[in-house]
Amino acid sequence: MPHHPEISRVAIIGGGCAGLAAAATLAERGISVTVFEAAKHLGGRARSLEWSGTYLDNGQHILIGAYRETLRLMRLAGVDEANALLRLPLQLIQHDQFCLQASRCLPAPLHVLHGLLRARGLSRGERFAALRFMLKLRLSRFHLSHDLPLADLLARHQQPQRVIRCLWEPLCLAALNTPLDRASAQVFLNVLRDSFARGKHDSDLLLPRIGLSELFAEPLANYVIAKGGAVQRGTTISAITRHDDDYALVAGDATHHFTHVILAVPPFRLAKLVADLAPLAEIARMCDSYDYQPIATVYLQYPPQIRLPHPMLGLAGGLSQWVLDRGQLNGQAGLLAVVISAEGAHMHMSQEELADTVANEIARAFPDFPPTLGRKVIIEKRATFACVPNMPRPPQQTPCPGFYLAGDYTVGDYPATIEGAVRSGIICAEKILDSDTINPHPHPCPASGRGNNTRDPC
Ligand SMILES: Cc1cc2nc3c(=O)[nH]c(=O)nc-3n(C[C@H](O)[C@H](O)[C@H](O)COP(=O)(O)OP(=O)(O)OC[C@H]3O[C@@H](n4cnc5c(N)ncnc54)[C@H](O)[C@@H]3O)c2cc1C
(Lines give C-alpha, C1' and ligand atoms only; values in the text may rest on other atoms or scores of the structure.)
Protein backbone atom coordinates (compact mmCIF):
# COMPACT_ATOMS: atom_id res chain seq x y z
CA MET A 1 0.00 0.00 0.00
CA PRO A 2 1.44 3.43 -0.89
CA HIS A 3 2.28 5.56 2.09
CA HIS A 4 2.52 9.36 2.13
CA PRO A 5 4.09 10.31 5.46
CA GLU A 6 4.64 13.86 4.27
CA ILE A 7 0.90 14.52 4.10
CA SER A 8 -0.18 12.59 7.14
CA ARG A 9 -1.71 15.51 9.06
CA VAL A 10 -5.06 15.82 7.38
CA ALA A 11 -8.13 17.12 9.19
CA ILE A 12 -11.64 16.56 7.95
CA ILE A 13 -14.28 18.79 9.47
CA GLY A 14 -17.68 17.11 9.21
CA GLY A 15 -18.55 13.43 9.57
CA GLY A 16 -21.31 13.28 6.94
CA CYS A 17 -21.13 11.29 3.70
CA ALA A 18 -18.68 13.73 2.08
CA GLY A 19 -16.26 13.92 5.00
CA LEU A 20 -16.29 10.17 5.64
CA ALA A 21 -15.84 9.40 1.93
CA ALA A 22 -12.76 11.63 1.93
CA ALA A 23 -11.48 10.04 5.14
CA ALA A 24 -11.95 6.46 3.87
CA THR A 25 -10.29 7.26 0.53
CA LEU A 26 -7.25 8.71 2.28
CA ALA A 27 -7.20 5.86 4.80
CA GLU A 28 -7.28 3.36 1.93
CA ARG A 29 -4.13 5.00 0.57
CA GLY A 30 -2.24 4.87 3.85
CA ILE A 31 -2.96 8.34 5.21
CA SER A 32 -4.35 8.53 8.70
CA VAL A 33 -6.74 11.42 9.09
CA THR A 34 -8.60 13.05 11.95
CA VAL A 35 -12.33 13.57 11.45
CA PHE A 36 -14.04 16.18 13.63
CA GLU A 37 -17.80 15.83 13.88
CA ALA A 38 -19.85 18.33 15.86
CA ALA A 39 -22.72 15.93 16.60
CA LYS A 40 -22.58 12.86 18.80
CA HIS A 41 -23.73 10.79 15.83
CA LEU A 42 -21.99 10.50 12.50
CA GLY A 43 -23.77 10.69 9.17
CA GLY A 44 -24.95 14.30 9.06
CA ARG A 45 -28.08 14.50 6.97
CA ALA A 46 -28.11 10.71 6.48
CA ARG A 47 -28.22 9.33 10.01
CA SER A 48 -30.31 7.19 12.33
CA LEU A 49 -31.84 8.21 15.62
CA GLU A 50 -33.55 6.42 18.49
CA TRP A 51 -37.31 6.41 18.96
CA SER A 52 -39.38 4.45 21.47
CA GLY A 53 -36.86 1.65 21.83
CA THR A 54 -36.23 1.32 18.12
CA TYR A 55 -34.38 3.38 15.53
CA LEU A 56 -35.62 5.69 12.80
CA ASP A 57 -33.74 7.59 10.12
CA ASN A 58 -33.73 11.38 9.96
CA GLY A 59 -35.35 10.86 6.55
CA GLN A 60 -36.04 7.90 4.34
CA HIS A 61 -33.18 7.70 1.83
CA ILE A 62 -33.33 5.99 -1.55
CA LEU A 63 -30.18 5.07 -3.41
CA ILE A 64 -29.97 3.99 -7.03
CA GLY A 65 -27.71 1.59 -8.89
CA ALA A 66 -25.82 4.52 -10.42
CA TYR A 67 -24.41 5.43 -6.98
CA ARG A 68 -21.18 3.66 -7.91
CA GLU A 69 -18.81 5.45 -5.55
CA THR A 70 -21.14 5.13 -2.56
CA LEU A 71 -21.52 1.40 -3.17
CA ARG A 72 -17.76 0.97 -3.69
CA LEU A 73 -16.95 2.66 -0.38
CA MET A 74 -19.60 0.63 1.42
CA ARG A 75 -17.95 -2.52 0.09
CA LEU A 76 -14.51 -1.20 1.09
CA ALA A 77 -15.82 -0.73 4.62
CA GLY A 78 -17.17 -4.28 4.68
CA VAL A 79 -20.90 -3.57 4.22
CA ASP A 80 -22.71 -6.52 2.66
CA GLU A 81 -24.93 -4.95 0.00
CA ALA A 82 -27.36 -7.86 -0.10
CA ASN A 83 -27.99 -7.54 3.62
CA ALA A 84 -27.96 -3.73 3.72
CA LEU A 85 -30.03 -2.81 0.65
CA LEU A 86 -33.09 -4.18 -1.10
CA ARG A 87 -32.29 -3.92 -4.80
CA LEU A 88 -35.35 -3.63 -7.04
CA PRO A 89 -35.41 -3.12 -10.82
CA LEU A 90 -36.78 0.38 -11.46
CA GLN A 91 -40.44 0.55 -10.53
CA LEU A 92 -42.55 3.63 -9.98
CA ILE A 93 -45.89 2.57 -8.58
CA GLN A 94 -48.50 5.13 -7.60
CA HIS A 95 -51.31 3.57 -5.65
CA ASP A 96 -54.34 3.01 -7.97
CA GLN A 97 -52.96 5.54 -10.48
CA PHE A 98 -49.82 4.60 -12.32
CA CYS A 99 -47.30 1.81 -12.68
CA LEU A 100 -44.04 1.82 -14.58
CA GLN A 101 -41.74 -1.16 -14.31
CA ALA A 102 -38.50 -1.39 -16.26
CA SER A 103 -38.02 -4.56 -18.27
CA ARG A 104 -35.79 -7.12 -16.54
CA CYS A 105 -34.59 -8.58 -19.86
CA LEU A 106 -33.73 -5.64 -22.10
CA PRO A 107 -30.49 -3.62 -21.91
CA ALA A 108 -30.40 0.11 -21.07
CA PRO A 109 -32.00 2.32 -22.20
CA LEU A 110 -34.50 -0.05 -23.83
CA HIS A 111 -35.48 -1.41 -20.43
CA VAL A 112 -36.88 2.00 -19.40
CA LEU A 113 -38.37 2.79 -22.83
CA HIS A 114 -40.14 -0.56 -22.76
CA GLY A 115 -41.40 0.25 -19.28
CA LEU A 116 -42.72 3.59 -20.52
CA LEU A 117 -44.50 1.96 -23.47
CA ARG A 118 -46.25 -0.47 -21.13
CA ALA A 119 -46.88 1.98 -18.28
CA ARG A 120 -50.30 1.56 -16.73
CA GLY A 121 -52.38 4.63 -15.91
CA LEU A 122 -51.45 6.62 -19.05
CA SER A 123 -53.24 6.72 -22.37
CA ARG A 124 -51.44 5.60 -25.52
CA GLY A 125 -50.89 9.23 -26.54
CA GLU A 126 -49.45 10.08 -23.12
CA ARG A 127 -47.06 7.14 -23.18
CA PHE A 128 -45.84 8.09 -26.65
CA ALA A 129 -45.34 11.71 -25.56
CA ALA A 130 -43.12 10.52 -22.69
CA LEU A 131 -41.26 8.16 -24.98
CA ARG A 132 -40.65 10.85 -27.62
CA PHE A 133 -39.28 13.14 -24.92
CA MET A 134 -36.89 10.47 -23.67
CA LEU A 135 -35.68 9.73 -27.20
CA LYS A 136 -35.07 13.44 -27.88
CA LEU A 137 -33.13 13.73 -24.65
CA ARG A 138 -31.03 10.77 -25.63
CA LEU A 139 -30.31 12.24 -29.06
CA SER A 140 -29.12 15.44 -27.39
CA ARG A 141 -27.03 13.34 -24.96
CA PHE A 142 -29.09 14.77 -22.14
CA HIS A 143 -27.44 18.12 -22.65
CA LEU A 144 -29.18 21.52 -22.87
CA SER A 145 -27.55 24.57 -24.42
CA HIS A 146 -29.11 26.71 -21.65
CA ASP A 147 -30.37 25.56 -18.31
CA LEU A 148 -34.01 26.42 -17.47
CA PRO A 149 -36.71 25.37 -15.00
CA LEU A 150 -37.80 21.79 -15.61
CA ALA A 151 -41.46 22.88 -15.87
CA ASP A 152 -40.50 25.03 -18.90
CA LEU A 153 -38.60 22.21 -20.56
CA LEU A 154 -41.56 19.86 -20.09
CA ALA A 155 -43.91 22.48 -21.57
CA ARG A 156 -41.60 22.96 -24.58
CA HIS A 157 -41.72 19.23 -25.17
CA GLN A 158 -45.50 19.20 -24.81
CA GLN A 159 -45.59 16.74 -21.97
CA PRO A 160 -49.23 16.02 -21.02
CA GLN A 161 -50.33 17.00 -17.52
CA ARG A 162 -50.86 13.42 -16.47
CA VAL A 163 -47.36 12.38 -17.56
CA ILE A 164 -45.97 15.29 -15.57
CA ARG A 165 -48.03 14.44 -12.52
CA CYS A 166 -47.42 10.69 -12.55
CA LEU A 167 -43.85 10.56 -13.82
CA TRP A 168 -41.73 13.70 -14.13
CA GLU A 169 -42.86 15.52 -11.00
CA PRO A 170 -42.38 12.58 -8.59
CA LEU A 171 -38.99 11.87 -10.16
CA CYS A 172 -37.97 15.53 -9.90
CA LEU A 173 -39.02 15.78 -6.26
CA ALA A 174 -37.30 12.52 -5.36
CA ALA A 175 -34.06 13.40 -7.12
CA LEU A 176 -33.77 17.19 -6.83
CA ASN A 177 -36.06 17.92 -3.86
CA THR A 178 -37.08 21.09 -5.68
CA PRO A 179 -40.49 21.98 -7.19
CA LEU A 180 -40.79 21.59 -10.98
CA ASP A 181 -41.12 25.30 -11.63
CA ARG A 182 -37.82 25.98 -9.84
CA ALA A 183 -35.81 22.82 -10.54
CA SER A 184 -32.80 22.84 -12.84
CA ALA A 185 -33.71 20.96 -16.02
CA GLN A 186 -30.03 20.23 -16.72
CA VAL A 187 -29.39 18.61 -13.34
CA PHE A 188 -32.57 16.56 -13.78
CA LEU A 189 -31.30 15.39 -17.18
CA ASN A 190 -27.94 14.49 -15.61
CA VAL A 191 -29.79 12.19 -13.22
CA LEU A 192 -31.85 10.66 -16.08
CA ARG A 193 -28.67 10.15 -18.13
CA ASP A 194 -26.83 8.38 -15.32
CA SER A 195 -29.72 6.27 -14.13
CA PHE A 196 -31.68 5.45 -17.29
CA ALA A 197 -29.26 5.55 -20.20
CA ARG A 198 -26.07 3.82 -19.07
CA GLY A 199 -26.02 0.38 -17.44
CA LYS A 200 -29.26 -1.50 -16.98
CA HIS A 201 -28.73 -1.81 -13.22
CA ASP A 202 -28.00 1.89 -12.80
CA SER A 203 -31.74 2.53 -12.60
CA ASP A 204 -32.24 -0.08 -9.85
CA LEU A 205 -33.76 1.27 -6.67
CA LEU A 206 -31.72 0.46 -3.58
CA LEU A 207 -33.81 0.71 -0.44
CA PRO A 208 -31.96 0.58 2.88
CA ARG A 209 -32.77 -2.45 5.05
CA ILE A 210 -30.68 -1.19 7.95
CA GLY A 211 -30.43 2.21 9.62
CA LEU A 212 -28.62 4.89 7.67
CA SER A 213 -25.84 5.20 10.25
CA GLU A 214 -25.17 1.48 10.02
CA LEU A 215 -25.37 1.60 6.23
CA PHE A 216 -22.64 4.14 5.59
CA ALA A 217 -21.31 6.41 8.34
CA GLU A 218 -20.39 3.91 11.07
CA PRO A 219 -18.74 1.32 8.79
CA LEU A 220 -16.66 4.04 7.11
CA ALA A 221 -15.66 5.53 10.46
CA ASN A 222 -14.64 2.06 11.70
CA TYR A 223 -12.60 1.56 8.56
CA VAL A 224 -10.82 4.90 9.05
CA ILE A 225 -10.05 4.05 12.69
CA ALA A 226 -8.82 0.57 11.75
CA LYS A 227 -6.38 2.23 9.35
CA GLY A 228 -4.93 4.40 12.12
CA GLY A 229 -7.15 7.46 11.78
CA ALA A 230 -9.20 9.19 14.48
CA VAL A 231 -12.88 10.16 14.54
CA GLN A 232 -13.74 12.73 17.18
CA ARG A 233 -17.50 12.97 17.71
CA GLY A 234 -19.09 15.81 19.63
CA THR A 235 -16.21 18.10 18.60
CA THR A 236 -17.25 21.34 16.97
CA ILE A 237 -14.60 23.30 15.13
CA SER A 238 -15.33 26.95 15.82
CA ALA A 239 -12.53 28.75 13.92
CA ILE A 240 -9.86 28.07 11.35
CA THR A 241 -6.76 30.20 10.84
CA ARG A 242 -3.67 29.82 8.70
CA HIS A 243 -0.25 29.73 10.41
CA ASP A 244 2.84 29.61 8.20
CA ASP A 245 2.54 26.16 6.67
CA ASP A 246 -0.41 24.79 8.51
CA TYR A 247 -3.97 25.41 9.60
CA ALA A 248 -5.00 25.87 13.21
CA LEU A 249 -8.42 24.45 14.08
CA VAL A 250 -10.05 25.60 17.29
CA ALA A 251 -12.26 23.12 19.15
CA GLY A 252 -13.27 24.28 22.63
CA ASP A 253 -10.08 25.11 24.53
CA ALA A 254 -7.83 23.13 22.22
CA THR A 255 -6.16 24.13 18.98
CA HIS A 256 -5.15 21.42 16.50
CA HIS A 257 -2.65 21.94 13.68
CA PHE A 258 -2.88 20.29 10.29
CA THR A 259 -1.15 20.70 6.94
CA HIS A 260 -4.31 19.83 5.02
CA VAL A 261 -7.94 20.48 5.77
CA ILE A 262 -11.07 19.20 4.08
CA LEU A 263 -14.04 21.29 5.14
CA ALA A 264 -17.04 18.96 4.78
CA VAL A 265 -19.78 20.94 6.52
CA PRO A 266 -23.09 21.99 4.93
CA PRO A 267 -22.89 25.25 2.95
CA PHE A 268 -24.83 27.21 5.59
CA ARG A 269 -22.05 26.47 8.13
CA LEU A 270 -19.21 27.49 5.83
CA ALA A 271 -19.05 31.29 6.06
CA LYS A 272 -18.44 31.48 9.80
CA LEU A 273 -15.74 28.82 9.68
CA VAL A 274 -13.73 30.45 6.88
CA ALA A 275 -14.14 34.02 8.15
CA ASP A 276 -10.37 34.25 8.80
CA LEU A 277 -9.38 32.88 5.40
CA ALA A 278 -9.68 35.95 3.19
CA PRO A 279 -9.32 34.18 -0.19
CA LEU A 280 -12.48 32.21 0.61
CA ALA A 281 -14.64 35.30 1.07
CA GLU A 282 -16.21 34.98 -2.38
CA ILE A 283 -17.06 31.30 -1.82
CA ALA A 284 -18.57 32.17 1.58
CA ARG A 285 -20.79 34.79 -0.11
CA MET A 286 -21.81 32.27 -2.76
CA CYS A 287 -22.84 29.71 -0.11
CA ASP A 288 -24.69 32.36 1.88
CA SER A 289 -26.82 33.08 -1.19
CA TYR A 290 -28.19 29.52 -1.37
CA ASP A 291 -31.80 28.73 -0.82
CA TYR A 292 -32.83 25.44 0.83
CA GLN A 293 -35.63 22.95 0.54
CA PRO A 294 -37.16 20.85 3.34
CA ILE A 295 -38.00 17.15 3.56
CA ALA A 296 -40.63 15.97 6.01
CA THR A 297 -40.89 12.35 7.09
CA VAL A 298 -43.96 11.17 8.97
CA TYR A 299 -43.53 7.82 10.68
CA LEU A 300 -46.78 6.01 11.41
CA GLN A 301 -46.81 2.91 13.59
CA TYR A 302 -49.64 0.45 12.88
CA PRO A 303 -50.18 -3.00 14.37
CA PRO A 304 -47.47 -5.40 13.14
CA GLN A 305 -49.68 -7.25 10.64
CA ILE A 306 -50.12 -4.09 8.53
CA ARG A 307 -48.22 -4.22 5.22
CA LEU A 308 -48.22 -2.22 2.02
CA PRO A 309 -48.68 -4.07 -1.28
CA HIS A 310 -45.12 -2.98 -2.21
CA PRO A 311 -42.09 -1.92 -0.12
CA MET A 312 -42.31 1.54 -1.70
CA LEU A 313 -45.49 3.09 -3.02
CA GLY A 314 -46.38 6.52 -4.40
CA LEU A 315 -49.51 8.36 -3.33
CA ALA A 316 -51.09 11.10 -5.41
CA GLY A 317 -53.55 13.87 -4.71
CA GLY A 318 -52.46 14.84 -1.19
CA LEU A 319 -49.38 15.78 0.77
CA SER A 320 -47.95 12.25 0.99
CA GLN A 321 -45.64 11.49 -1.91
CA TRP A 322 -43.95 8.17 -1.12
CA VAL A 323 -44.70 5.60 1.55
CA LEU A 324 -42.07 3.08 2.57
CA ASP A 325 -42.92 -0.05 4.47
CA ARG A 326 -40.26 -0.37 7.16
CA GLY A 327 -41.68 -3.79 8.04
CA GLN A 328 -40.76 -5.17 4.61
CA LEU A 329 -37.50 -3.24 4.52
CA ASN A 330 -36.07 -2.96 8.02
CA GLY A 331 -38.03 -5.65 9.86
CA GLN A 332 -39.96 -2.95 11.78
CA ALA A 333 -43.38 -4.56 11.35
CA GLY A 334 -46.28 -2.12 10.91
CA LEU A 335 -44.08 0.98 10.64
CA LEU A 336 -44.64 3.19 7.59
CA ALA A 337 -42.44 6.14 6.62
CA VAL A 338 -44.27 8.77 4.59
CA VAL A 339 -42.05 11.18 2.67
CA ILE A 340 -42.94 14.73 1.64
CA SER A 341 -40.17 16.34 -0.39
CA ALA A 342 -39.71 20.05 -1.04
CA GLU A 343 -41.62 23.11 0.13
CA GLY A 344 -45.41 23.24 0.31
CA ALA A 345 -48.44 24.05 2.42
CA HIS A 346 -47.42 21.39 4.96
CA MET A 347 -44.58 23.61 6.16
CA HIS A 348 -47.19 25.87 7.79
CA MET A 349 -48.78 23.03 9.74
CA SER A 350 -47.97 21.96 13.28
CA GLN A 351 -46.42 18.50 13.60
CA GLU A 352 -49.73 17.16 14.98
CA GLU A 353 -51.70 18.59 12.04
CA LEU A 354 -49.21 17.17 9.57
CA ALA A 355 -49.29 13.72 11.19
CA ASP A 356 -53.14 13.79 11.22
CA THR A 357 -53.33 14.83 7.56
CA VAL A 358 -50.90 12.14 6.47
CA ALA A 359 -52.61 9.46 8.61
CA ASN A 360 -55.95 10.45 7.01
CA GLU A 361 -54.45 10.15 3.53
CA ILE A 362 -53.19 6.65 4.35
CA ALA A 363 -56.64 5.79 5.75
CA ARG A 364 -58.27 6.95 2.50
CA ALA A 365 -55.83 4.92 0.39
CA PHE A 366 -56.13 1.83 2.63
CA PRO A 367 -59.57 1.91 4.27
CA ASP A 368 -58.90 -1.45 6.00
CA PHE A 369 -55.98 -0.12 8.03
CA PRO A 370 -56.68 0.27 11.77
CA PRO A 371 -55.82 3.55 13.58
CA THR A 372 -52.16 4.34 14.18
CA LEU A 373 -50.52 3.30 17.44
CA GLY A 374 -47.82 5.97 17.35
CA ARG A 375 -46.58 8.85 15.22
CA LYS A 376 -43.33 10.74 14.81
CA VAL A 377 -42.67 13.68 12.50
CA ILE A 378 -39.14 14.67 11.47
CA ILE A 379 -38.73 17.82 9.42
CA GLU A 380 -35.33 18.69 8.01
CA LYS A 381 -35.84 22.33 7.05
CA ARG A 382 -32.56 22.61 5.16
CA ALA A 383 -32.50 19.06 3.83
CA THR A 384 -30.92 20.04 0.51
CA PHE A 385 -30.01 23.15 -1.42
CA ALA A 386 -32.72 24.26 -3.83
CA CYS A 387 -31.41 22.82 -7.09
CA VAL A 388 -32.22 25.77 -9.37
CA PRO A 389 -30.93 26.48 -12.89
CA ASN A 390 -27.33 27.70 -13.14
CA MET A 391 -26.71 27.49 -9.42
CA PRO A 392 -23.12 28.52 -8.68
CA ARG A 393 -21.17 25.76 -6.90
CA PRO A 394 -17.64 26.14 -5.55
CA PRO A 395 -14.85 23.83 -6.71
CA GLN A 396 -13.34 21.37 -4.23
CA GLN A 397 -9.92 22.99 -4.57
CA THR A 398 -9.81 26.44 -2.98
CA PRO A 399 -7.35 29.33 -3.40
CA CYS A 400 -5.89 28.40 0.02
CA PRO A 401 -3.14 25.78 -0.40
CA GLY A 402 -4.00 22.46 1.20
CA PHE A 403 -7.57 23.57 1.96
CA TYR A 404 -10.45 21.77 0.21
CA LEU A 405 -14.24 21.80 0.26
CA ALA A 406 -16.32 18.63 0.25
CA GLY A 407 -20.09 18.38 0.33
CA ASP A 408 -23.10 17.72 -1.86
CA TYR A 409 -23.15 21.43 -2.84
CA THR A 410 -19.65 21.59 -4.37
CA VAL A 411 -19.03 21.45 -8.12
CA GLY A 412 -20.56 18.39 -9.70
CA ASP A 413 -23.42 17.50 -11.96
CA TYR A 414 -25.60 15.86 -9.30
CA PRO A 415 -28.25 17.36 -7.06
CA ALA A 416 -27.82 17.16 -3.27
CA THR A 417 -27.50 13.42 -2.85
CA ILE A 418 -25.40 10.89 -1.02
CA GLU A 419 -23.54 10.10 -4.24
CA GLY A 420 -22.86 13.79 -4.94
CA ALA A 421 -21.47 14.19 -1.41
CA VAL A 422 -19.38 11.02 -1.66
CA ARG A 423 -17.91 12.00 -5.02
CA SER A 424 -16.92 15.41 -3.69
CA GLY A 425 -15.10 13.80 -0.75
CA ILE A 426 -13.23 11.44 -3.05
CA ILE A 427 -12.18 14.36 -5.27
CA CYS A 428 -10.74 16.20 -2.26
CA ALA A 429 -8.85 13.10 -1.14
CA GLU A 430 -7.45 12.55 -4.61
CA LYS A 431 -6.32 16.17 -4.86
CA ILE A 432 -4.42 15.76 -1.61
CA LEU A 433 -2.89 12.50 -2.82
CA ASP A 434 -1.85 14.15 -6.09
CA SER A 435 -0.34 17.18 -4.36
CA ASP A 436 3.41 17.25 -3.73
CA THR A 437 3.14 19.19 -0.47
CA ILE A 438 6.02 18.59 1.94
CA ASN A 439 4.96 18.60 5.55
CA PRO A 440 7.69 19.86 7.90
CA HIS A 441 5.91 18.42 10.98
CA PRO A 442 6.56 14.72 11.52
CA HIS A 443 3.94 14.04 14.24
CA PRO A 444 0.43 13.13 13.17
CA CYS A 445 -2.53 14.95 14.67
CA PRO A 446 -0.96 17.07 17.40
CA ALA A 447 -3.23 19.04 19.71
CA SER A 448 -1.91 22.07 21.52
CA GLY A 449 -3.28 24.71 23.81
CA ARG A 450 -2.18 27.53 21.54
CA GLY A 451 -5.21 29.72 21.66
CA ASN A 452 -4.64 33.20 20.30
CA ASN A 453 -3.79 32.64 16.71
CA THR A 454 -2.33 35.35 14.57
CA ARG A 455 -4.42 35.97 11.51
CA ASP A 456 -2.59 34.96 8.39
CA PRO A 457 -4.93 34.68 5.46
CA CYS A 458 -3.54 32.09 3.10
C1 LIG B 1 -34.57 13.98 4.99
C2 LIG B 1 -33.56 13.80 3.90
C3 LIG B 1 -33.79 12.87 2.89
C4 LIG B 1 -32.85 12.67 1.88
N5 LIG B 1 -33.07 11.73 0.94
C6 LIG B 1 -32.07 11.42 0.09
C7 LIG B 1 -32.21 10.30 -0.79
O8 LIG B 1 -33.24 9.63 -0.83
N9 LIG B 1 -31.16 9.99 -1.60
C10 LIG B 1 -29.99 10.71 -1.58
O11 LIG B 1 -29.05 10.35 -2.30
N12 LIG B 1 -29.86 11.80 -0.79
C13 LIG B 1 -30.86 12.16 0.05
N14 LIG B 1 -30.71 13.21 0.90
C15 LIG B 1 -29.53 14.09 0.75
C16 LIG B 1 -28.30 13.50 1.45
O17 LIG B 1 -28.61 13.09 2.77
C18 LIG B 1 -27.24 14.62 1.53
O19 LIG B 1 -27.00 15.11 0.23
C20 LIG B 1 -25.92 14.11 2.09
O21 LIG B 1 -26.09 13.36 3.26
C22 LIG B 1 -25.03 15.34 2.38
O23 LIG B 1 -23.80 14.91 2.92
P24 LIG B 1 -22.67 15.99 3.28
O25 LIG B 1 -21.56 15.22 3.85
O26 LIG B 1 -22.44 16.85 2.08
O27 LIG B 1 -23.32 16.97 4.37
P28 LIG B 1 -23.89 16.67 5.83
O29 LIG B 1 -24.57 15.35 5.85
O30 LIG B 1 -24.68 17.86 6.20
O31 LIG B 1 -22.60 16.53 6.75
C32 LIG B 1 -21.94 17.63 7.29
C33 LIG B 1 -21.48 17.27 8.69
O34 LIG B 1 -20.71 18.37 9.21
C35 LIG B 1 -20.97 18.47 10.59
N36 LIG B 1 -20.57 19.81 11.03
C37 LIG B 1 -21.17 20.99 10.73
N38 LIG B 1 -20.49 22.01 11.30
C39 LIG B 1 -19.43 21.46 11.96
C40 LIG B 1 -18.36 22.00 12.73
N41 LIG B 1 -18.25 23.32 12.94
N42 LIG B 1 -17.45 21.16 13.27
C43 LIG B 1 -17.54 19.81 13.08
N44 LIG B 1 -18.55 19.25 12.34
C45 LIG B 1 -19.47 20.06 11.78
C46 LIG B 1 -22.47 18.21 10.67
O47 LIG B 1 -22.86 17.86 12.00
C48 LIG B 1 -22.62 17.08 9.67
O49 LIG B 1 -22.49 15.81 10.29
C50 LIG B 1 -31.66 13.45 1.88
C51 LIG B 1 -31.44 14.40 2.88
C52 LIG B 1 -32.37 14.57 3.88
C53 LIG B 1 -32.10 15.58 4.96
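Residues numbered from 1 in each chain as written. Predicted model: local features only at pLDDT ≥ 70, side-chain atom pairs only at ≥ 80, totals over all residues.

## Quick word on the overall build of the protein
- Each helix and strand in the protein was counted, giving 14 helices and 21 strands.
- At 23 Å, the protein has a C-alpha radius of gyration in line with the 23 Å of a compact globule built from 458 residues.
- Based on the C-alpha atoms only, the size of the protein along its principal axes is roughly 70 × 50 × 45 Å.
- Here the protein holds 458 residues, and the buried ones make up 48% of them.
- Within the protein, counting contacts between residues at least 6 apart in sequence, those at least 24 apart form 72% of the total. (Helix = DSSP H or I, 4+ residues; strand = E, 2+ residues; numbered from the N terminus. Rg over C-alpha atoms; globule rule 2.2 N^0.38 Å. Buried ≥ 20, exposed ≤ 12 C-beta atoms within 10 Å, placed from the backbone. Contact = placed C-beta atoms within 7 Å.)

## Quick look at the sheet that holds strand S10 (residues 230-232)
- Across the sheet, which stays open at both edges, the five strands sit in the order S10-S2-S1-S14-S20 with parallel pairing between neighbours. Taken across any chain shown, the strands that pair with only one partner, and hence form the sheet edges, are S10 and strand S20 (403-405). On average, each strand axis in the sheet is inclined to that of its neighbour by 15°, with strand direction left out of account.
- Inspection of the sheet shows strand S1 (residues 10-13) paired to strand S14 (residues 260-263) by four bridges, in the parallel sense. Along S14, the bridge assignment pairs Val-10 with His-260. (Pairing = 2+ DSSP bridges. Axes fitted to C-alpha atoms, helices over the stretch in contact; angles between N-to-C directions.)

## A few points about the environment of Met-391
- Tracing the sequence through the fold places Met-391 in the loop between strand S19 (374-385) and S20.
- Sequence separation between Met-391 and Ser-289 is 102 residues, and the spatial gap between their C-alpha atoms is 10.0 Å.

## Section: the sheet that holds strand S9 (residues 205-208)
- The strand order across the open sheet built from three strands is S5-S9-S6, with neighbouring strands paired in antiparallel fashion. The two strands at the open ends of the sheet, each matched to only one other strand, are strand S5 (63-64) and strand S6 (85-88).
- Relative to S9, S6 runs antiparallel, the two sharing four bridges. Directly across from Leu-86, in S9, lies its bridge partner Leu-207.

## A short note on the domain arrangement of the protein
- For the protein, the domain assignment lists domain 1 (5-53 + 213-290 + 389-448), domain 2 (90-203) and domain 3 (292-385).
- For domain 1 and domain 3, the distance between their C-alpha centres works out to 33 Å.
- Between domain 1 and domain 3, the contact holds nine residues from the first and eight residues from the second.
- Considered class by class, the residues forming the side of domain 1 that touches domain 3 number seven nonpolar, one polar and one charged. (Domains from an automatic or database assignment. Nonpolar A, V, L, I, M, F, W, Y, C, P; charged D, E, K, R; others polar.)

## Focus: the nonpolar core
- In terms of nonpolar packing, the biggest core is built from 138 residues, with Ala-22, Ala-23 and Leu-220 touching the most fellow members.
- Beyond its immediate chain neighbours, meaning those up to four positions away, Ala-23 contacts Ile-12, Val-33, Val-35, Leu-220, Val-224 and Gly-229. (Core = buried A, V, L, I, M, F, W, Y, C linked by C-beta atoms within 7 Å.)

## Concerning the site of the ligand
- Close to the ligand lie 36 residues, the nearest being Gly-14, Gly-16, Gly-44, Gly-59 and Thr-417.
- Counting only elements with at least two residues in the shell around the ligand, the list comes to helix H1 (17-28), S19 and helix H14 (418-434).
- A class-by-class count of the residues in the shell around the ligand yields 18 nonpolar, 12 polar and six charged.
- When residues are assigned to domains, the shell around the ligand turns out to be shared by domain 1 (5-53 + 213-290 + 389-448) and domain 3 (292-385), each giving three or more. (Near = placed C-beta within 6 Å.)

## Observations regarding the packing of helix H5 (residues 124-139) against helix H7 (residues 161-176)
- Contact geometry of H5 with H7 gives a least axis separation of 9 Å together with a crossing angle of 65°. You can see that H5 and H7 cross each other, and the crossing is right-handed. Residues Glu-126, Ala-129 and Ala-130 of H5 form the contact with H7, whose participating residues are Arg-162, Val-163 and Leu-167.
- Per-class residue counts for the contact of H5 with H7 are four nonpolar, no polar and two charged. (Left-handed = near helix turned anticlockwise from the far one by under 90°.)

## With respect to the pairing of strand S17 (residues 322-325)
- Residues Trp-322 and Leu-324 point to one face of S17 and Val-323 and Asp-325 to the other, with burial holding for every one of them.
- Two elements, strand S16 (residues 312-314) and S17, share three bridges in a ladder whose sense is antiparallel. By the bridge assignment, Gly-314 is partnered in S17 with Trp-322.
- Judged from the four bridges that link them, S17 and strand S18 (residues 335-341) form a sheet pairing that is antiparallel. Each residue of the ladder has a partner; that of Leu-324, found in S18, is Ala-337.

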